[in-house]
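# Commentary on secondary and tertiary structure
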Amino acid sequence: MEGNQYAVIGLGRFGSSLAKELIKLGYEVLGIDKSEETVHELSGFLTHAVEADATDEDMLRSLGIRNFDCAVVAIGDDIQASILTAIVLKDLGVKKVVAKALSDLHGKVLQRIGVDRIIFPERDMGARVAHQLASPNLLDYIELSEEYTIAELSVPAKLSGQSLGQLDLRAKFGCSIVAINKQSGMVIAPTADDIVESNDIMVVIGTNEQIETLERSTYK
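Here we summarise the structure given alongside this text. The structure presented is a predicted model; accordingly, all values stated were derived computationally and were not measured.

## Quick look at the sheet that holds strand 1 (residues 5-9)
Pairing within the open sheet is parallel, and its six strands lie in the order 3-2-1-4-5-6. The open sheet has two free edges, formed respectively by strand 3 (48-51) and strand 6 (117-119), since each of these has just one partner strand. Pairs of neighbouring strands in the sheet enclose a mean axial angle of 15°, with direction left out of account. For strand 5 (residues 97-100) and strand 6, the ladder comprises three bridges, and the chain directions are parallel. Looking at strand 6, one finds that Val98 is bridged to Arg117. Packed onto the sheet, helix 1 (residues 13-24) meets strand 1, strand 2 (28-33), strand 4 (70-73), strand 5 and strand 6 and runs at close to 165° relative to strand 1.

Put into structure tokens, the structure is as follows:
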């Protein structure tokens, strides 16, 4: 998903992790929480942090929420507040609304009201979701350590038809393609002669910085 401005509503463990990672990736983040203490704690990390009730439509409108590229409803344990906030965001015309679901049933309700993407935090860590939101081509992201990451990236049209030898990601970015997921099946430990096509998915390993540089250079 392209865009530079994200609103994260609900700054508990998941919301704050997501918001901080988006900041690390270079995006502007507005954090909203009803706890004055939480907002105070995070105000130094985020672009803006506001103490507010996110179910209040007038308040969200006054913050210019409809101008944000994406709003994430990360409200912790109040299903009603989560659903009402998502409805208000959709009504205000936010381009993309993502919401955390606390159960399968909650997820189904969010889907019914038109939420664009539903996250189950026990399956999706905040940092991982931040990377997926920030890059539409990043299909999955697993942090192996503080430094190393495995990422699944869709092959952009401009790289289609090239061999791994021609791409030479190791020389250009320092990261390596360890597998290619093709429609015909998975190619493990591909050679320099293997060719990537538009529908393929590259499984890339490298440092967080190398993978971010690859994304920026290849997809922008």
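## Let's talk about helix 1
The end-to-end C-alpha distance of helix 1, which contains 12 residues, comes to 17 Å, matching closely the 16 Å that a straight helix rising 1.5 Å per residue would cover. Phe14, Gly15, Ser16, Leu18, Ala19, Glu21 and Leu22 are the residues of helix 1 that are buried. Gly26 sits one or two residues past helix 1 and shows a positive phi near 95°.

## As for the packing of aromatic side chains
Using the criterion set out here, one finds one aromatic pair in the structure. Relative to Tyr27, the ring of Tyr6 lies with its centre 5.4 Å away and its plane at 85°, an arrangement referred to as edge-to-face. With Tyr6 in strand 1 and Tyr27 in the loop between helix 1 and strand 2, this residue pair connects regions lying 21 residues apart in the sequence. Across this residue pair, the class does not change: Tyr6 and Tyr27 are buried. A cation over an aromatic ring shows up here: Lys20 above the ring of Phe45, its NZ or CZ 4.6 Å from the ring centre.

## Structural notes on the pattern of salt bridges
Inspection of the entire model under this criterion finds six salt bridges. Residue Asp58 is joined to Arg61 by a salt bridge in which the shortest nitrogen-to-oxygen separation is 3.2 Å. Here Asp58 pairs with Arg61, and both are found in helix 3 (residues 57-62), just three residues apart, close to one helical turn. Put simply, Lys182 and Asp200 hold a salt bridge, and the shortest N to O gap is 2.6 Å. Here Lys182 is found in strand 10 (residues 176-182), whereas its partner Asp200 is found in the loop between strand 12 (195-196) and strand 13 (201-207), with 18 residues between them in sequence. What emerges from the salt-bridge pattern is a single network uniting Glu57, Asp58 and Arg61.

## Some remarks on the layout of surface pockets
Of the pockets and cavities examined, the largest pocket occupies roughly 310 Å³. As for the largest pocket, its lining consists of 22 residues, and the residues nearest its centre are Gly10, Asp33, Lys34, Ile75 and Gly76. Of all elements in the fold, only helix 1, strand 2 and helix 4 (79-91) reach the threshold of two or more residues within the lining of the largest pocket. If one sorts the elements of the lining of the largest pocket by residue count, helix 1 sits on top with three residues. Grouping the constituent residues of the lining of the largest pocket by class yields nine nonpolar, six polar and seven charged.

## Some remarks on helix 5 (residues 104-112)
What helix 5 keeps buried is the set His106, Gly107 and Leu110. For helix 5, the angular spread of buried residues about the axis comes to 100°, placing them on one side. Away from its buried face by more than 90 degrees, helix 5 exposes Leu105, Lys108, Gln111 and Arg112. In this structure, the buried side of helix 5 is in contact with helix 4, strand 5 and strand 6. Directly after helix 5, the chain includes Gly114, whose backbone phi takes a positive value near 95°.

Conventions used here
- Residues numbered from 1 in each chain as written.
- Predicted model: local features only at pLDDT ≥ 70, side-chain atom pairs only at ≥ 80, totals over all residues.
- Heavy atoms only, no water.
- Pairing = 2+ DSSP bridges.
- Helix = DSSP H or I, 4+ residues; strand = E, 2+ residues; numbered from the N terminus.
- Axes fitted to C-alpha atoms, helices over the stretch in contact; angles between N-to-C directions.
- Contact = heavy atoms within 4.5 Å.
- Expected span 1.5 Å × (residues − 1).
- Buried < 20%, exposed > 50% of the residue type's maximum accessible area, 1.4 Å probe, protein only.
- Phe/Tyr/Trp six-rings, centres within 6.5 Å; stacked < 30°, edge-to-face > 60°.
- Lys NZ or Arg CZ within 6 Å of the ring centre and 35° of its normal.
- Salt bridge = Lys/Arg side-chain N within 4 Å of Asp/Glu carboxyl O.
- 1 Å grid on protein atoms, 1.4 Å probe; cavity = no way out; pocket = protein on both sides within 12 Å on 5 of 7 lines; lining within 4 Å.
- Points joined across faces, edges and corners; volume = space filled by probe spheres on them.
- Nonpolar A, V, L, I, M, F, W, Y, C, P; charged D, E, K, R; others polar.
- Arc of directions from axis to C-beta.

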